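# Structure at a glance
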Amino acid sequence: ELRSPPEPEPRPDTIIDGLAVPPDMRVPQATAYVMNQVPGKLKMKDLKKAIDAQKAKVAAQEAEVARLAASQGPGDAAADAIPQDEAQLDLALSREARQLKHMVFRRELARIEAREKSKETKQFICLGERLTSEARAQATLQARE
């Protein structure tokens, strides 16, 4: 009885200077994969996972803030510790969180632009060019012969 050898377990990419390097660099696709990366940027599947994790984290933080606000009165020190300014919130976010925020913003912007473009296309009136007169069409045909 002939059996094929068991497939080896896939080895994870190695991170070197912010770039994911595949374990086997002998193929051109692996080289292209490394060359096309931007240091610090997440892969699309990792970005989607990070977005979901960020949404869960934000929901948990909002629930915690709501719980604190309900349990403590106005002017409490714990409520004052929550950053109220947008600039303070941006500074508090890590680089990965800023990338996620940017991705969500660009997705929303693309959705709005697509909606505006579809509205524009639906209401666009095109008259086209004027028809050629019969005399000019005949003259063109005679000139061609």
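Look a little higher up for the structure.
Now for a description of the structure that goes with this document. Just so it is clear, the model here is predicted, and its values are computed rather than measured. (Residues numbered from 1 in each chain as written. Predicted model: local features only at pLDDT ≥ 70, side-chain atom pairs only at ≥ 80, totals over all residues. Heavy atoms only, no water.)

## Comments concerning the overall build of the protein
The helix and strand inventory of the protein stands at six helices and two strands. Reading the secondary structure of the protein in the N-to-C direction produces β-β-α-α-α-α-α-α. Every one of the 145 residues in the protein was classed for burial, and the buried ones make up 9%. For the protein, the share of sequence-separated contacts (at least 6 apart) that also reach a separation of at least 24 residues comes to 32%. Surface accessibility of the protein: about 13,200 Å² in total, with carbon and sulfur atoms responsible for 57%. (Helix = DSSP H or I, 4+ residues; strand = E, 2+ residues; numbered from the N terminus. Buried < 20%, exposed > 50% of the residue type's maximum accessible area, 1.4 Å probe, protein only. Contact = heavy atoms within 4.5 Å. Areas by Shrake-Rupley, 256 points an atom, 1.4 Å probe, with all protein chains shown as cover.)

## A word on the pattern of salt bridges
Scanning the entire structure with this criterion turns up three salt bridges. With a closest N to O distance of 2.8 Å, Arg-26 and Asp-24 form a salt bridge. By relative accessible area, which is 31% here, Asp-24 ends up partly exposed. In this structure, Arg-111 engages Glu-108 in a salt bridge whose closest nitrogen and oxygen atoms are separated by 2.5 Å. Of the two residues, Arg-111 and Glu-108 are both situated in helix H5 (residues 95-122); the distance of three residues between them amounts to about one turn of the helix. (Salt bridge = Lys/Arg side-chain N within 4 Å of Asp/Glu carboxyl O.)

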